[in-house]
Amino acid sequence: MDKEVIIWLGESQGSIGRISLGYKSYVGPYSFLGSCHNLVVGDYSMIGAHCYLITVNHRIDKEDVPYAEQGYRGGDIVIGRNVWLGSHVVVLPGVEIGDNAVIGAGAVVNRSIPAGERWGGVPAKPLSKG
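For the structure given in this document, a descriptive report is provided here. (Residues numbered from 1 in each chain as written. Predicted model: local features only at pLDDT ≥ 70, side-chain atom pairs only at ≥ 80, totals over all residues. Heavy atoms only, no water.)

Let us look at the pairing of strand β19 (residues 125-129). Taken together, the four bridges between strand β18 (residues 117-120) and β19 define a ladder with antiparallel strand orientation. The residue bridging Glu117 from the neighbouring strand is Lys129, located in β19. (Pairing = 2+ DSSP bridges. Helix = DSSP H or I, 4+ residues; strand = E, 2+ residues; numbered from the N terminus.)

To continue, consider a nonpolar patch on the surface. Together, Met1, Ile7, Leu9 and Leu21 make up a nonpolar patch on the protein surface, roughly 370 Å² of accessible area in all. With respect to the helices and strands, Leu9 occurs in strand β1 (residues 6-9). (Patch = residues over 30% accessible without salt bridge, like charges linked within 9 Å, V, L, I, M, F, W, Y side chains within 5 Å. Areas by Shrake-Rupley, 256 points an atom, 1.4 Å probe, with all protein chains shown as cover. Salt bridge = Lys/Arg side-chain N within 4 Å of Asp/Glu carboxyl O.)

By secondary structure assignment, the location of Arg118 is in strand β18. As a C-alpha pair, Arg118 and Tyr72 span 46 residues in sequence and 30 Å in three-dimensional space. Polar side-chain contacts of Arg118 include one of 3.1 Å to the backbone oxygen of Gly116. (Polar contact = N/O pair within 3.5 Å; in protein donor to acceptor, adjacent residues only side chain to side chain.)

All right, on to the pairing of strand β6 (residues 32-35) then. Neither face of β6 is left uncovered, since the one carrying Phe32 and Gly34 and the one carrying Leu33 and Ser35 both have all their residues buried. Looking at chain direction, β1 and β6 are connected through four bridges and run parallel. Residue Ile7 lies in a different strand from β6, and its bridge partner there is Leu33. Bridging between β6 and strand β9 (residues 52-54) involves three bridges; their strand directions are parallel. Looking at β9, one finds that Gly34 is bridged to Ile54. (Buried < 20%, exposed > 50% of the residue type's maximum accessible area, 1.4 Å probe, protein only.)

A few words now on the sheet that holds strand β8 (residues 46-47). What holds strands together in a sheet is hydrogen bonding between their backbones, with the strands either parallel or antiparallel. The six strands lie next to each other as β5-β8-β13-β16-β18-β19, forming an open sheet whose pairing is mixed. The two strands at the open ends of the sheet, each matched to only one other strand, are β5 (26-27) and β19. Examined bridge by bridge, strand β16 (residues 102-103) and β18 share two bridges and lie parallel to one another. Pairing of Val102 across the sheet is with Arg118, part of β18.

Here the focus is the sheet that holds strand β7 (residues 38-41). With parallel pairing, four strands are arranged side by side in an open sheet as β4-β7-β12-β15. Only two strands of the sheet have a single neighbouring strand rather than two, namely β4 (18-21) and β15 (96-97). Sheet topology places β7 next to strand β12 (residues 77-79); three bridges connect them, and they run parallel. Its bridge partner lying in β12, Leu39 is registered against Ile77.

So this is what it looks like as structure tokens:
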């Protein structure tokens, strides 16, 4: 783990955060890892500088309730083995990234990514396989 990485473990509706970093995984400077669920980073995976991984997000589905009072919803984040997240990548709740995947700098990952694929953009989309 590099300098100024923020690790936040919280609690949301009975779920308690857990973060697991695999063997020889790396988290770049100024990144944020936040968890009210499980956040797993596989062996040999690299997370670039200024990345943001969070397992919960505010609910916004009740029209008659202020956003700040709606609570949270979330899900685990699982990053496979030998994955590379470029700098400034955002990974949202409920996402799994398969082994040997590469996510381009600045991408927002809002759905799961199969093993061995390269994704980028906002929201992230497939760029190539293998």
